Amino acid sequence: RHMKIDLKHINKLFFIGIAGDGMSAVAQYLSGTGKEISGSDRQFSYAKKSFRQKQLEDIGIKCFPQDTSGLNQEIDLVVISTAIEPTVPEYKLAKEKGIPVIMRSDLLAAVSMHKKTIAVSGTSGKSTVTAMIFHILEKCGLKPSLISGAGLTSLQKKGKIGNAVTGTGKYLVIEADESDGSIIKYHPFIGIILNIDKDHKELNELSDLFKVFKQNSKTLIVNNSHERTKNFSQELKNDFGYDAGVGFRITDFNQIDFFSEFKINDIDFKINQIGKHNAENAAAAVAVCAKLGISLNDISKALMSYEGIYRRHQIIKKKNGITIIDDYAHNPAKLSASIKACQIPNEKLIVWFQPHGYTPTKFLRSEFVKELSETLRDTDEIWMSEIYYAGGTADKDISAEDLIKDIKQTGKNAFFIENRKLFPEMIKSKIKTPIIILLTGARDPSLSDFADFVSGKLMIDSFGKQ
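Calculation notes
- Residues numbered from 1 in each chain as written.
- Predicted model: local features only at pLDDT ≥ 70, side-chain atom pairs only at ≥ 80, totals over all residues.
- Heavy atoms only, no water.
- Pairing = 2+ DSSP bridges.
- Helix = DSSP H or I, 4+ residues; strand = E, 2+ residues; numbered from the N terminus.
- Axes fitted to C-alpha atoms, helices over the stretch in contact; angles between N-to-C directions.
- Buried < 20%, exposed > 50% of the residue type's maximum accessible area, 1.4 Å probe, protein only.
- Salt bridge = Lys/Arg side-chain N within 4 Å of Asp/Glu carboxyl O.
- Phe/Tyr/Trp six-rings, centres within 6.5 Å; stacked < 30°, edge-to-face > 60°.
- Lys NZ or Arg CZ within 6 Å of the ring centre and 35° of its normal.
- Left-handed = near helix turned anticlockwise from the far one by under 90°.
- Contact = heavy atoms within 4.5 Å.
- Nonpolar A, V, L, I, M, F, W, Y, C, P; charged D, E, K, R; others polar.
- Arc of directions from axis to C-beta.
- Right-handed = clockwise from strand over helix to strand, strands pointing away.

### Details of the sheet that holds strand E17 (residues 322-327)
Thought 1: Spatial ordering of the open sheet is given by E16-E17-E21-E18-E19-E20, a layout of 6 strands whose pairing is mixed. The strands lining the two open edges of the sheet, one partner per strand, are strand E16 (314-319) and strand E20 (413-416). Here the strands of the sheet are splayed against their neighbours by 15 degrees on average, with no regard to which way each runs.
Thought 2: Two elements, E16 and E17, share 5 bridges in a ladder whose sense is antiparallel. Bridging from a neighbouring strand, Lys317 pairs with Ile324 of E17.

Pasting the structure below:
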């Protein structure tokens, strides 16, 4: 299914599953370049339009239900992602009609050849670093382009999805994903490796993918405080991390409430983000932007106004000593970093996590148990609801309850609550302020609604009127 394409001669593109974060980003970007974009999605209907459908239609993208009605002979190219199985009727029809079908990653690789592309890779933090680099370049007047997996809060405030911008400048910032192996398709002007942890694949398989990415990158910048990425270092003066040697060194990290302060090469930085991992993310962005000739003072000033991205330690509500935070953490390393960032002295922490996918949960079971039991303080609690199932073929031979039982064995406070709707009710008696409630999980589109639900229940019920 790997194919090379010449974008110049392609004008009409149809995306199957266009509402997905990765798909919608490429679609919006190409729409901004003047291409005619249409697409379908399982969640679209003619009668009741979803919010995402309206957002896409607002910028001129035609949206159809997934019923083949949008596919016609005028379409030059059909775009699919790894989530689209060959049994999907539209995929079948495109094949029958002889319309070329391309993977999203091949299309993104083709798009990235037209700009000086900065590709952010690693098993954690890609969306954040991509957003930070874009924000700095934007603030410094370089009019960059963006194709990402998560919406920037600053763009979402304007009613946009926020994960794509078609800029007039020469730089394009993208995420290079290792989970589907597509990372090897990109040949970036600057490649970044943030970290390499067991996520969807075994470590040796991951290392092989990153080796190809290293060869394909004109300049490579790596995290020098992460043991597995260190080996990829080419030029130490470009590298970043807490012990980056001669590169962009982070020192004097300090978290105050929901801000982080630190120094990079003796320049003061303050970001509206929590956790040591976000200082590392900022250092990655600093290393890239410094390489592009921007001064550390200008970068520091730009990062002060960075507002974060959707569902990455997003504060949903802060009231009466209760802080509710919604986060996307879903693999063991991310979950551990997310919890550490919320472990504020003298504040209780209750974590709720919904694992996704039976196969990945089973694959990472021992890592989840190890990371969580080592990260949780004695006063913290972890609650899990049943594994989120997105459809497709899967052996349902593991439950989130298995993970909870394993964590309990290590002496930590762990609770299984199959039905997540009961969660606010169950923790109400345990709330002693000040408290942080961290809600985490990925892939399930209803998670942000769940965060609002928990917030409403706890804020209203616990303390009378809001």
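### Concerning unusual backbone geometry
Thought 1: That bond from Thr433 to Pro434 is cis: its omega, -5 degrees, falls within 30 degrees of zero.
Thought 2: On the secondary structure map, Pro434 appears in the loop between helix H15 (423-427) and strand E21 (435-441).
Thought 3: Positioned with a positive phi, Lys143 is a non-glycine residue whose angle comes to about 45 degrees.
Thought 4: Looking at Lys143, the relative accessible area reads 49%, which means it is partly exposed.
Thought 5: Despite not being glycine, Asp257 has its phi angle at roughly 55 degrees, a positive value.
Thought 6: Along the chain, Asp257 falls in the loop between strand E13 (248-256) and strand E14 (259-264).
Thought 7: Overall, the relative accessible area of 44% leaves Asp257 in the partly exposed class.

### Side note on the pairing of strand E19 (residues 381-384)
Thought 1: Side chains Glu381 and Trp383 of E19 all project onto a buried face; the interleaved residues Ile382 and Met384 project onto the opposite face, where all are buried too.
Thought 2: Where strand E18 (residues 348-354) and E19 come together, 4 bridges link them in parallel fashion. Note that in E19 the partner of Trp352 across the bridge is Trp383.
Thought 3: Here E19 pairs with E20 via 4 bridges, running parallel. Across the sheet, Trp383 pairs through a bridge with Phe415, a residue of E20.

### Details of the pattern of salt bridges
Thought 1: As enumerated under the stated definition, the model contains 22 salt bridges in all.
Thought 2: Residue Asp397 is joined to Lys362 by a salt bridge in which the shortest nitrogen-to-oxygen separation is 2.7 Å. Residue Asp397 is found in the loop between E19 and helix H14 (400-409), and its partner Lys362 is found in helix H12 (residues 358-363); the two are separated by 35 residues along the sequence.
Thought 3: Here Asp397 falls in the partly exposed class, since its relative accessible area comes to 45%.

### Structural notes on the packing of aromatic side chains
Thought 1: By the definition in use, this model includes 12 aromatic pairs.
Thought 2: Ring plane angle 0 degrees and centroid distance 5.9 Å describe the contact between Phe262 and Phe269, whose orientation is recorded as stacked. In this structure, Phe262 and Phe269 share a single accessibility class: buried.
Thought 3: Through successive ring pairs, a cluster of aromatic residues spans Trp352, Trp383, Phe415, Phe423, Phe450 and Phe453.
Thought 4: If you follow Lys276 out to its NZ or CZ, it ends over the ring of Tyr242, 5.3 Å from the centre.
Thought 5: Directly above the ring of Tyr389 sits Lys396, whose terminal nitrogen or CZ lies 3.9 Å from the centroid.

### Some thoughts on the packing of helix H1 (residues 21-32) against helix H4 (residues 104-112)
The description of two packed helices rests on the angle between their axes and on the distance between the axes.
Thought 1: Interaxial distance between H1 and H4 falls to 11 Å at its minimum, and their mutual angle equals 35 degrees. In this structure, the crossing between H1 and H4 has a hand that is left-handed. Of H4, the residues touching H1 (which contributes Gly22, Met23, Val26, Tyr29 and Leu30) are Arg104, Leu107 and Val111.
Thought 2: Class assignment for the residues of the contact of H1 with H4 results in 6 nonpolar, 1 polar and 1 charged.

### Some thoughts on helix H10 (residues 296-303)
Since the α-helix turns once every 3.6 residues, residues separated by three or four places project in the same direction.
Thought 1: When H10 is considered as a whole, its buried residues turn out to be Leu296, Ile299, Ser300, Ala302 and Leu303. Burial along H10 is one-sided: seen end-on, the buried residues are contained in an arc of 165 degrees. Turned more than 90 degrees off the buried face of H10, the exposed positions are Asn297 and Lys301.
Thought 2: The elements touched by buried residues of H10 are helix H5 (126-139), E13, E14, strand E15 (267-271) and helix H9 (276-291).

### Some words on the pairing of strand E4 (residues 77-80)
Thought 1: Side-chain alternation along E4 places Leu77 and Val79 on one buried face and Val78 and Ile80 on a second face that is also buried.
Thought 2: Where strand E1 (residues 12-16) and E4 come together, 3 bridges link them in parallel fashion. Opposite Leu13, over in E4, you have Leu77 as the bridge partner.
Thought 3: Direction of pairing for E4 relative to strand E5 (residues 101-103): parallel, over a ladder of 3 bridges. By the bridge assignment for E5, Val78 is matched with Val101.
Thought 4: The parallel pair E4 and E5, bridged by helix H3 (residues 89-97), forms a crossover whose chirality is right-handed.

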